[in-house]
Amino acid sequence: QVQLVESGGGLVQTGNSLTVSCSASGGTFNIYNMAWFRQAPGKEREFVAGITWGGGETRYADSVKGRFTISRDNSKSTVSLQMNSLKPEDTARYSCGAGRGKVPVSPLRGSYDYWGQGTQVTVSS
């Protein structure tokens, strides 16, 4: 079993930056692909970004490409999402997921077996 805990959410203004992080425990972190998903009120949970177990491949949703960067530190069992040029439409609860490592990175929720509780990101206009 892998336990995931997100942190770093908050309230920011449009155009500003924020980094959210996810800390893992209880498993062998470096065998898992990791991904960030987000869910806004009244909307489905959607894929934001993913990274393979070794960090060699990343994948982004078109809506965040060029603005967000996913990274991981296997020595610390953490994965982070650097979010730049934030927009009000980025407002959502951001959750990290862990799934057995495969290539390419999957954007599908069903590919991830473990989830954190999420952290709220609110972007004011």
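Now for a description of the structure that goes with this document. (Residues numbered from 1 in each chain as written. Predicted model: local features only at pLDDT ≥ 70, side-chain atom pairs only at ≥ 80, totals over all residues. Heavy atoms only, no water.)

1. With respect to the overall build of the chain
From N to C terminus, the chain includes 0 helices and 11 strands. When the elements of the chain are put in sequence order from the N terminus, they spell out β-β-β-β-β-β-β-β-β-β-β. Across its three principal directions, the C-alpha atoms of the chain cover 40 × 30 × 25 Å. Expressed as a percentage of its 125 residues, the buried residues of the chain come to 41%. Expressed as a percentage of contacts within the chain between residues at least 6 apart in sequence, the contacts between residues at least 24 apart total 59%. As displayed, the chain offers around 6,300 Å² of accessible surface, 46% of which is attributable to carbon and sulfur atoms. Separation of charge centres in the chain, based on 13 positive and 9 negative side chains, amounts to 2 Å. (Helix = DSSP H or I, 4+ residues; strand = E, 2+ residues; numbered from the N terminus. Buried < 20%, exposed > 50% of the residue type's maximum accessible area, 1.4 Å probe, protein only. Contact = heavy atoms within 4.5 Å. Areas by Shrake-Rupley, 256 points an atom, 1.4 Å probe, with all protein chains shown as cover. Lys, Arg positive; Asp, Glu negative; His and termini not counted. Charge placed at Lys NZ, Arg CZ, Asp CG, Glu CD.)

2. Observations regarding the state of the cysteines
This model, assessed by the stated rule, comprises 1 disulfide. Between the sulfur of Cys22 and that of Cys96 lies a disulfide, 2.0 Å long from S to S. Judged by the sign of its S-S torsion, about 50 degrees, the bond between Cys22 and Cys96 is right-handed. With a gap of 74 residues between them, Cys22 in strand E3 (residues 18–25) and Cys96 in strand E9 (residues 92–100) connect regions that are remote in the sequence. Comparing Cys22 with Cys96, the two get one shared label, buried. (Disulfide = S-S within 2.5 Å.)

3. Comments concerning the nonpolar core
By size, the foremost hydrophobic cluster in this structure holds 29 residues, and its most contacted members are Met34, Trp36, Leu81, Met83 and Tyr94. Secondary-structure elements contributing two or more residues to this core are E3, strand E4 (32–39), strand E5 (46–51), strand E7 (68–73), strand E8 (78–83), E9 and strand E11 (119–124). The contact partners of Leu81, leaving out residues within four places of it in the chain, are Leu18, Thr19, Val20, Trp36, Val48, Ala49, Phe68, Thr69, Ile70 and Tyr94. Ala35, Phe47, Val105 and Tyr112 belong to the second-largest nonpolar core, a separate cluster that totals 5 residues. (Core = buried A, V, L, I, M, F, W, Y, C linked by side-chain atoms within 4.5 Å.)

4. Here we look at the sheet that holds E3
Taken in spatial order, the 4 strands make up an open sheet running E1-E3-E8-E7, and their pairing is antiparallel. Lying at the two open borders of the sheet, with one neighbouring strand each, are strand E1 (3–7) and E7. Strand after strand, the sheet turns through a mean of 15 degrees between neighbouring axes, direction not considered. Pairing of E7 with E8, which is carried by 6 bridges, proceeds in the antiparallel orientation. Residue pairing for E8: Arg72 is matched across the bridge by Val79. (Pairing = 2+ DSSP bridges. Axes fitted to C-alpha atoms, helices over the stretch in contact; angles between N-to-C directions.)

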